[in-house]
Structures are given as structure tokens and as C-alpha cells.
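Listed below are the residues making up each chain.
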Amino acid sequence: MRHQHICFAQSDAAQANNPLADITAFNIQNYYFGELTGPGDSTGNQFVLRYAKPVSIGDTNWLIRASLPYNSLPVGSGGQTVSGIGDFDIFAAYQIDTGNPAVSFAFGPQVVAPTATDDRLGADQWQLGIANVYFNATSPVFQYGYLLTWRGGVGDTNGRTRANLGAFQPFVFYQLGNGYYTGGAPIWTYNFANDSYSVPLGIRLGKVTKRGNTVYNFFVEPQYSVFHKGAGQPKWQIYMALNMQFL
């Protein structure tokens, strides 16, 4: 049966970008790194599969989000590129009742498993950390929030520097109508272990549609690094994704 295109309200479109939406979601994301810091004009790519599911434990509500990347990154100074699965990342965020269904706030533990098929594509150590998420959709036109994470290496580091990484991802979205929206959600990272960092800014163009019981959110977001330090940091990148929510 052919699905009919369904236009829906701006408030529904706003929830398509809510990382704490009470909806099972599957995301296909890709970062193309057009230029990385370091010797030569190196490029890279990171393809990410992400699954998120709300669960209830007793009287508490949680969001479980798991991510698995496939990386293609330059190694060494000879221009060689290594490709393979990266480290598996999962966090469980306890959702606090804010008294307003349009305002979401959650925090909880994060675990990173050393699943990289090549040691150079991951930290080669288990990591534990914490995640904190906030999203405000009280306005059907303008939404904002953030994702804040920190993780550190635990146990045997296999001779590697112990991981100690923080990341802050601000969300800003403006609904243009008819499912179109703009804004941005860059990830700002700081590596406490070696004092390297990356602070990109970007502008997104996205489209949200609904077919059957699935909401599709497709977007492209070019990003440029306004501040960066250390080798392997992207000077510019293109972030694009297809995010699906199953109603």
C-alpha cells in the first residue's frame, strides 16, 4: 500500500529533534571531515548507527541510547587511512519530571566499550562517565537545549593514555513551517588528557515528514571549526543524518 504524505503541526516537528522524546528512534548519521589538523591535507569520515528507546523501571522513566561508529581516519604521517568499527557507546538517562511535558531533563551513567577493530580507531580501554540532557520545546517555533557528557578510562589502558574526554552539544532549532527547519547542533569537545579541543559552529537545513507510523527527519549541517587545538581535529566537516522515530 502506498503511504500518503502527512503534513503535521510545528509542535510535532519540534519533537523530531528532541533527544529525550518518549519514542523509539533509529538514527543513521555521517560526519565527513573535509580537512583534519596535522601533517598533510588529510580527510576522514565517521558513519554512526544510533538506537534510542525509552524504558520504565518501576516508577522511573529512562532513555537508553546506544551508538556504534564506523570510522575511516588517517593514521601516522604517511597519509594511510584505516577503516573499521569504533568504540561502542551507551548511556542510560533518568528522566526527571519537570512538571512541563515540553521541557525534558535527564542524567545518568555512560559506558564506552573498546570494540574498535583497529586499536587506532578507539581508546583501547573501557570508559565510564555521565550524560546530562536538556531540551526545551515550549515554543512550537524555537527549541533549544544541550547534551553534556564526560567519560574517563578505567582499568587496564593497554599502554595508552588514560581517556579523559568531555563533550558539550548545544541544540538550537527554528521551525520554518511545512516541516522545514534550520538551526544547528555542533559537538564541542575537550580532551583533558592532552589539552586538545574542537569548537565547530554550523547551520542546518532539515525536513521532517511523517509516513505511516514513522517520522523521518533528514538534515544537512556544514560545520566550521572556530577554535581547535591538537592533531586530528576537523577544520571543517559536513554532518548529515536521517533520524527516524517509530510512533
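Everything quoted here is computed from the prediction, not taken from an experiment.

## Things to note about the overall build of the protein chain
Here's step 1: Scanning the protein chain from N- to C-terminus turns up 1 helix and 15 strands.
Here's step 2: Taken against the 2.2 N^0.38 rule, which gives 18 Å for 247 residues, the C-alpha radius of gyration of the protein chain at 19 Å falls within 12% of a compact globule.
Here's step 3: For the protein chain, the spread of C-alpha atoms along the principal axes amounts to about 50 × 40 × 35 Å.
Here's step 4: Each of the 247 residues in the protein chain was classed as buried or not, and the buried ones make up 44%.
Here's step 5: Of all intrachain contacts in the protein chain linking residues separated by at least 6 positions in sequence, the fraction that spans at least 24 positions is 55%.

## A closer look at the packing of aromatic side chains
Here's step 1: The tally for this structure, following the rule as stated, stands at 16 aromatic pairs.
Here's step 2: Considering the side-chain rings of tyrosine 31 and tyrosine 239, the 4.3 Å spacing of their centres and the 0° angle between planes classify their relative orientation as stacked. With tyrosine 31 in strand β1 (residues 24-36) and tyrosine 239 in strand β15 (residues 234-246), the pair connects residues that are 208 residues apart, well separated along the chain. For the residue pair tyrosine 31 and tyrosine 239, the accessibility class agrees, reading buried in each case.
Here's step 3: Note on tyrosine 190 and phenylalanine 192: the rings are 4.8 Å apart at their centroids and 80° apart in plane angle, and the pair reads as edge-to-face.
Here's step 4: According to the relative accessible area criterion, tyrosine 190 is partly exposed, its value standing at 29%.
Here's step 5: Residue placement shows arginine 204 over the ring face of phenylalanine 219; its charged tip is 3.5 Å from the ring centre.
Here's step 6: The ring of tyrosine 180 has lysine 207 lying over it, and the distance from NZ or CZ to the ring centre is 4.2 Å.

## Some words on the confidence of the model for the protein chain
Here's step 1: Looking at the protein chain as a whole, its pLDDT mean stands at 92, while 93% of the residues score no less than 70.
Here's step 2: Below pLDDT 50 for its whole length, residues 1-7 participates in 7 contacts with residues either more than four positions away or in separate chains.

## Some remarks on the pattern of salt bridges
Here's step 1: Tallying each qualifying case throughout the model produces 5 salt bridges.
Here's step 2: In this structure, lysine 235 engages glutamate 35 in a salt bridge whose closest nitrogen and oxygen atoms are separated by 3.4 Å. Taken together, the residues lysine 235 in strand β15 and glutamate 35 in strand β1 connect sequence positions 200 residues apart.
Here's step 3: The partner of glutamate 221 in a salt bridge is arginine 204, and the shortest N-O contact between them spans 2.8 Å. On the criterion of sequence distance, the pair formed by glutamate 221 in strand β14 (residues 214-229) and arginine 204 in strand β13 (residues 204-211) is long-range, its members being 17 residues apart. Summarising the burial analysis for this pair, glutamate 221 and arginine 204 share the class buried.

## Concerning unusual backbone geometry
Of all residues except glycine, most have a negative phi; of all peptide bonds, most are trans.
Here's step 1: In this structure, aspartate 124 is a non-glycine residue whose phi angle is positive, near 60°.
Here's step 2: Within the secondary structure, aspartate 124 sits in the loop between β6 (103-113) and β7 (126-136).
Here's step 3: Accessibility expressed as a relative area gives 18% for aspartate 124, which makes it buried.
Here's step 4: You will see that aspartate 195, though not glycine, has its phi angle at about 60°, which is positive.

## Things to note about a nonpolar patch on the surface
Here's step 1: Taken together, the side chains of Phe142, Tyr144, Val172, Tyr174, Leu176, Tyr180 and Leu205 make up a nonpolar region of the molecular surface, amounting to roughly 670 Å² of accessible area.
Here's step 2: Of all the elements in the fold, those that place two or more residues in the nonpolar patch are β8 (142-154) and β9 (164-177).
Here's step 3: Its place among the elements puts tyrosine 180 in strand β10 (residues 180-184).

## Focus on the side chain of glutamine 95
Here's step 1: Structurally, glutamine 95 can be placed in strand β5 (residues 88-96).
Here's step 2: Here glutamine 95 is in contact with Leu20, Asn61, Trp62, Leu63, Phe105 and Ala106, once residues within four sequence places are set aside.

## Let's talk about the nonpolar core
Here's step 1: Counting residues in hydrophobic clusters, the biggest one holds 26 residues, and the most contacted among them are Phe171, Phe173 and Val208.
Here's step 2: At the level of elements, β1, β5, β7, β9, β14 and β15 are the ones that each hand at least two residues to this core.
Here's step 3: Among the elements that take part in this core, β1 stands out by supplying 4 residues, more than any other.
Here's step 4: Sequence-distant contacts of phenylalanine 171, that is, excluding residues within four places in its chain, are made with Pro19, Tyr134, Phe135, Gln143, Tyr144, Gly145, Tyr146, Leu147, Gly184 and Ala185.

Definitions and limits used
Residues numbered from 1 in each chain as written. Predicted model: local features only at pLDDT ≥ 70, side-chain atom pairs only at ≥ 80, totals over all residues. Heavy atoms only, no water. Helix = DSSP H or I, 4+ residues; strand = E, 2+ residues; numbered from the N terminus. Rg over C-alpha atoms; globule rule 2.2 N^0.38 Å. Buried < 20%, exposed > 50% of the residue type's maximum accessible area, 1.4 Å probe, protein only. Contact = heavy atoms within 4.5 Å. Phe/Tyr/Trp six-rings, centres within 6.5 Å; stacked < 30°, edge-to-face > 60°. Lys NZ or Arg CZ within 6 Å of the ring centre and 35° of its normal. pLDDT = per-residue confidence, 0-100. Salt bridge = Lys/Arg side-chain N within 4 Å of Asp/Glu carboxyl O. Patch = residues over 30% accessible without salt bridge, like charges linked within 9 Å, V, L, I, M, F, W, Y side chains within 5 Å. Areas by Shrake-Rupley, 256 points an atom, 1.4 Å probe, with all protein chains shown as cover. Core = buried A, V, L, I, M, F, W, Y, C linked by side-chain atoms within 4.5 Å.

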